[in-house]
Amino acid sequence: MNQQVNVVSREQWGAAPARNKETLKGFAKKVVIHHTAVQGCKDLKECKSRLVSIQRGHMKEKGFDDIGYNFLVAGDGTVFEGRGWGVVGAHAKGNNHDSCGIAFMGNFNNDTPGKEAISSVKQMLQFGVCQSFLDPEFVLFGHRDLGSTECPGDKLYAVLPQLSNAK
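The residue count restarts for each chain, going from 1 along the sequence in the order it is written. This being a predicted model, a pLDDT of at least 70 is required before a residue's local features are given, and a value of 80 or more before pairs of side-chain atoms are given or counted; all residues contribute to the totals for chains, interfaces and linings. Remark: hydrogens and water are excluded; side-chain values derive from all non-hydrogen atoms of the structure.

Novice: Could you give me a rundown of the environment of E81, with the residues and numbers involved?
Specialist: A run of H or I in DSSP counts as a helix once it spans at least four residues, and a run of E counts as a strand once it spans at least two, with each numbered from the N terminus. You can see E81 is positioned in strand β4 (residues 79-81). Buried, partly exposed and exposed residues are distinguished by accessible area as a fraction of the type maximum, computed with a 1.4 Å probe on protein chains only: under 20%, between the cut-offs, and over 50%, respectively. E81 gets classed as partly exposed once you look at its relative accessible area, which sits at 23%. With residues up to four places along the chain from it excluded, the contact list for E81 reads V7, V8, S9, R10, W13, N70 and F71. Residues adjacent in sequence count toward polar contacts only when both atoms are side-chain atoms; beyond that, a polar contact is any pair of N or O atoms within 3.5 Å, and within protein one must be able to donate a hydrogen and the other to accept it. For E81, the side chain forms a polar contact with the main-chain nitrogen of R10, separated by 3.1 Å. Whether two residues are in contact is decided by their heavy atoms: any pair within 4.5 Å suffices.

If you want it as structure tokens, here you go:
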């Protein structure tokens, strides 16, 4: 099944140019789910502003070459291009060269992710497999599975099995 997902491009949300861009060698074998751990956004204008802020923080404060995630998803299911498909991210130390990082926008320690966002990520995963960006046998992780962090928050971590069956 070839699920086409509408993605708001970097240009459309006002991304700064990446300082460097490293291509994955082959398709991603892991998908790592994150949350941005800041308040979610309610409309496109607010989401764009939040993305610019996240990218600025990643580049200036953390010293990353770009926003760390490959994609970000708003509560209404809107998908935003971060680094995009086939690009090495900066989202899960020691696991970036064979993975795709997808961040749900919001703090899911207490908030529950919406069905629209979950549905969009499922479609993204199916699209990634169909287009050979993701290994058909990819393994899905919460960020906490790969490092010492609360990410992606308890409420989002609890719904990861719903995303695992997206293959």
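Novice: How would you sum up the side chain of T36? Please name residues and give values.
Specialist: Along the chain, T36 turns up in the loop between β2 (28-35) and α2 (44-61). Overall, T36 belongs to the buried group, its relative accessible area being 13%. Separated by 2.9 Å, the side chain of T36 and the backbone nitrogen of G106 make a polar contact. Among all residues touching T36, those that are not within four sequence positions of it are I54, Y69, L72, A103, F104, M105 and G106.

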